[in-house]
Amino acid sequence: MTITHDVVAIGNAIVDILAQAEDSFIEEIGVAKGSMQLMFSPEEADTLYAKMGPGREVSGGSAANTVAGIAALGGKCAFIGQVADDQLGTVFAHDIRAAGVDFDTAVRAGQPTTARCLIFVTPDGQRTMNTFLGASQFLPAAALDEQLIAGGAILYLEGYLWDPEEPRAAMRKAIDIARANGRKVAFTLSDVFCISRHGDDFRKLIEDGLIDILFANESELLALCELEDFESAVQHIHGKVPLLVVTRSEQGAMALQGSERVEVPAEPIARLVDTTGAGDMFAAGFLFGQAQGRGLEESLRLGAICAAEIIQHYGARAEADLKKLAHESANRAAG
């Protein structure tokens, strides 16, 4: 089948609500700073929302952020995710389509509401996320467009969505479709929280050879491998996935593919404002590079450029012209 999209992603369809907060507030609500926790009822979400300061609504969701970034770079993407028939669902659908991403998943009637993530950003730019998955956790396998998945050069899946049973089954089916059509499967571990709940599943996907590109940050890689040393963890995964990509915050990022190992430094920034979406946007740059047939170093550099853009403002969607930033960086590298 002809390739119709660079990347087809499946993930949580979420609207982020961001507000500034002091470290003392994070301690008060009993959440580990910089982590993600799930809220299991709309009442719990409403109670926490009432404690927030002035907020800003921005469509989010990890994989959705990634494909929005790829589209901003000039790639052709599609997203599969479940929203409810409500105001936030309308906001999400509008925003992702306006970003240039194909999105045609039918809305879900009734309760629960569209997913939302309450994000508290502390003065050091760290984000602490509190997520009510709502309708997103009811994405059924029947909602998958098999032709769409078969036409995507890369299928991209987020670990965050692995928690609920229904979308987990949908993602397993999507993996089967992609592999049956000779497409690559990329998977992001998303958060140490996800590994603590589903590490055995993630490790089995890797052991079974179902993942072609694995994204992780350093903490996630250590948790997945149940090790404390970074290099030991890299070697533990080496050979189990064709391409391992690890972000290391201010230390940059590395990629390991066969015998080739490449590392790039983090891009310089003027000011750290909000780390929300940094990993998502890094994946956007890297996957765009890979879809365009670029090498590991250039793909990593594109990822670093996108991550640097996103952490200098609030929200997980790019505000600057990513095409222009990538072009300027390429010129600097050539010069």
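Here, the structure is the one placed above.
Residues numbered from 1 in each chain as written. Predicted model: local features only at pLDDT ≥ 70, side-chain atom pairs only at ≥ 80, totals over all residues. Heavy atoms only, no water.

### Overview of the sheet that holds strand β12 (residues 243-247)
The strand order across the open sheet formed by nine strands is β6-β5-β1-β9-β10-β11-β12-β13-β14, and the pairing between neighbours is mixed. Edge strands, defined here as strands with exactly one partner in the open sheet, are β6 (102-103) and β14 (260-264). By the bridge criterion, five bridges tie strand β9 (residues 152-158) to strand β10 (residues 184-188) in an arrangement that is parallel. Its bridge partner being in β10, I154 is matched across the sheet by K184. In the packing of helix α10 (residues 278-291) onto the sheet, contacts are made with β1 (5-10), β9, β10, β11 (213-217), β12 and β13 (253-257), and the angle to β12 comes to roughly 150°. The sheet contacts of helix α11 (residues 296-310) involve β12, β13 and β14, and relative to β14 the element is tilted by about 30°. (Pairing = 2+ DSSP bridges. Helix = DSSP H or I, 4+ residues; strand = E, 2+ residues; numbered from the N terminus. Contact = heavy atoms within 4.5 Å. Axes fitted to C-alpha atoms, helices over the stretch in contact; angles between N-to-C directions.)

### Here's the deal with the sheet that holds strand β4 (residues 56-60)
Pairing within the open sheet is mixed, and its five strands lie in the order β3-β8-β7-β2-β4. With one partner strand each, in any of the chains shown, β3 (36-39) and β4 form the two edges of the open sheet. Pairwise comparison of adjacent strand axes, ignoring direction, gives a mean angle of 25° for this sheet.

### Observations regarding the pairing of β13
Here β13 lies mainly inside the structure; four of its five residues are buried. Alignment of β12 against β13, held across five bridges, turns out to be antiparallel. Residue pairing in the sheet places V246 in a bridge with M254 of β13. In textbook terms, the turn of a hairpin is the stretch between consecutive antiparallel strands, and for β12 and β13 this stretch comprises five residues, one of which, S249, has a positive phi near 55°. Alignment of β13 against β14, held across five bridges, turns out to be antiparallel. Following the sheet pairing, Q257 is matched in β14 by E260. What sits between β13 and β14 in their antiparallel hairpin is a turn of two residues, with G258 showing a positive phi close to 60°. (Buried < 20%, exposed > 50% of the residue type's maximum accessible area, 1.4 Å probe, protein only.)

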